[in-house]
Amino acid sequence: MGIQSNLLLWKANAVPPPLGRRGGKPSHAALREQQVSAKELALGLPAEAWRDMTWRIMDDPLTSRFARLRVASGHAG
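Some words on the packing of aromatic side chains
Move 1: Counted according to the given criterion, the structure contains zero aromatic pairs.
Move 2: Here arginine 65 stacks its cationic end above the ring of tryptophan 50, 4.7 Å away from the centre of that ring.

Focus on the environment of glutamate 40
Move 1: Secondary-structure assignment places glutamate 40 in helix 2 (residues 38-43).
Move 2: When its relative accessible area of 43% is taken as the criterion, glutamate 40 is described as partly exposed.
Move 3: Separated by 31 residues in the primary sequence, glutamate 40 and leucine 9 have C-alpha atoms spaced 9.8 Å apart.

Digging into the environment of glycine 74
Move 1: Counting through the fold element by element, glycine 74 comes out in the segment after strand 4 (62-67).
Move 2: The exposure class assigned to glycine 74 is buried, which follows from its relative accessible area of 6%.
Move 3: When the C-alpha atoms of glycine 74 and glutamine 35 are compared, they prove to be 6.3 Å apart, with 39 residues separating the residues in sequence.
Move 4: Non-local contacts of glycine 74, meaning those with residues more than four positions away in its chain, are made with Leu8, Leu9, Trp10 and Gln35.

Observations regarding a nonpolar patch on the surface
Move 1: A surface patch of nonpolar side chains, amounting to about 360 Å² of accessible area, comprises Met53, Trp55, Leu62 and Phe66.
Move 2: Where the nonpolar patch is concerned, the elements lending two or more residues are strand 3 (50-55) and strand 4.
Move 3: Tracing the sequence through the fold places methionine 53 in strand 3.

Some thoughts on the side chain of serine 37
Move 1: If you trace the backbone, serine 37 turns up in strand 2 (residues 35-37).
Move 2: Ignoring sequence-local partners within four residues, the contact set of serine 37 consists of Ser5, Asn6, Leu7 and Leu8.

Looking at the pairing of strand 4
Move 1: Where strand 3 lies against strand 4, six bridges are found, and the strand directions are antiparallel. Counterpart to arginine 51 in the pairing with strand 4 is phenylalanine 66.

Cut-offs used in this document
Residues numbered from 1 in each chain as written. Predicted model: local features only at pLDDT ≥ 70, side-chain atom pairs only at ≥ 80, totals over all residues. Heavy atoms only, no water. Phe/Tyr/Trp six-rings, centres within 6.5 Å; stacked < 30°, edge-to-face > 60°. Lys NZ or Arg CZ within 6 Å of the ring centre and 35° of its normal. Helix = DSSP H or I, 4+ residues; strand = E, 2+ residues; numbered from the N terminus. Buried < 20%, exposed > 50% of the residue type's maximum accessible area, 1.4 Å probe, protein only. Contact = heavy atoms within 4.5 Å. Patch = residues over 30% accessible without salt bridge, like charges linked within 9 Å, V, L, I, M, F, W, Y side chains within 5 Å. Areas by Shrake-Rupley, 256 points an atom, 1.4 Å probe, with all protein chains shown as cover. Salt bridge = Lys/Arg side-chain N within 4 Å of Asp/Glu carboxyl O. Pairing = 2+ DSSP bridges.

Structure representation (structure tokens):
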């Protein structure tokens, strides 16, 4: 699955931020502290997390590196 590198994701150990003033939504800053960009997450993965995969075997094969992990979108809808 391809995603944009600037997509915000919840950190693995994220704890829901406290509610904002008067019980409203948490502040943007409180939410952002618990999130990481897809690029930051990928760059922080160990080498063992990455696998070379080849597709389109016919004609000219295409190969790339992929890592697979479960994430949650940081969109605070």
